[in-house]
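# Geometric and topological summary
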Amino acid sequence: MANVKEIKDRMESIQSTMKITNAMYMISSSKMKRARKVLADTEPYFFGMQAAIARILRHVPETDNIYFRQISEDVSPDKKKIGYVVVSADKGLAGAYNHNVVKLAEEILARPGQHKLYIVGELGRHYFKKHGVEIENSFQYTVQKPTMHRARDISGVLIDEFRHGRLDEIHIVYTRMENS
């Protein structure tokens, strides 16, 4: 039977663990608030650009640009070369986020077509390597602090693949935060 000293030590240990857990919760809450603010600041620009491009294409349908051409219906779905940029986290503390991204990517890879994976984020890279899925390119950038330079590097690789006919379509696989 445990003596009083052992019980007190155990209670202190539990209290200490609770303090650490609460501190981790407060840190993650502040990071979540910061990420939400950045997202809220960025979304209007993104959706505004998307709407402007859609209006331009609707009013100038005869635009002849390789980036706006539709893939010919003659190409069978099995022959389409489709690139997927899979964005996952770098750390394992975002369980549902990573699970949802990987699950969606696996569902997409089961569809017909010639698939090429471009991975951003350590967890996605480790998951697909572990499961023997061929990765075309993995970008060794941290996902937590994206920069315009890194976005240009990634888009440069994808645009080069598209322009040289190695990709017919490019899709980005990510999750969208609805609420916490």
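Just above, that's the structure.
The structure contained in this document is the topic of the report that follows. Given the structure is predicted, the values throughout are model-derived calculations rather than measurements.

Quick notes on the rules
Residues numbered from 1 in each chain as written. Predicted model: local features only at pLDDT ≥ 70, side-chain atom pairs only at ≥ 80, totals over all residues. Heavy atoms only, no water. Phe/Tyr/Trp six-rings, centres within 6.5 Å; stacked < 30°, edge-to-face > 60°. Buried < 20%, exposed > 50% of the residue type's maximum accessible area, 1.4 Å probe, protein only. Patch = residues over 30% accessible without salt bridge, like charges linked within 9 Å, V, L, I, M, F, W, Y side chains within 5 Å. Areas by Shrake-Rupley, 256 points an atom, 1.4 Å probe, with all protein chains shown as cover. Salt bridge = Lys/Arg side-chain N within 4 Å of Asp/Glu carboxyl O. Lys, Arg positive; Asp, Glu negative; His and termini not counted. Charge placed at Lys NZ, Arg CZ, Asp CG, Glu CD. Helix = DSSP H or I, 4+ residues; strand = E, 2+ residues; numbered from the N terminus.

### Let's talk about the packing of aromatic side chains
Aromatic ring pairs are defined here through the distance separating the ring centres and the angle between the ring planes. Enumeration according to the criterion identifies two aromatic pairs in this entry. Between phenylalanine 46 and phenylalanine 47, the aromatic rings sit 5.2 Å apart at their centres with planes inclined by 65°, giving edge-to-face as the arrangement. Here the aromatic rings of tyrosine 127 and phenylalanine 128 are separated by 5.3 Å at their centres, their planes lie at 85°, and the arrangement is edge-to-face. Given the relative accessible area of 24%, tyrosine 127 is considered partly exposed.

### Concerning a positive patch on the surface
Together, Lys31, Arg34, Lys91 and Lys145 make up a region of like positive charge exposed at the surface. Turning to its location among the elements, lysine 31 is positioned in helix α1 (residues 4-59).

### As for a nonpolar patch on the surface
A contiguous nonpolar surface patch, about 660 Å² in accessible area, is contributed by Tyr45, Met49, Ile53, Leu57, Tyr67, Phe68 and Ile159. Inspection of the secondary structure assignment puts phenylalanine 68 in the loop between α1 and β1 (81-87). The class for phenylalanine 68 is partly exposed, based on a relative accessible area of 41%.

By themselves, these observations are geometric and do not establish any function.
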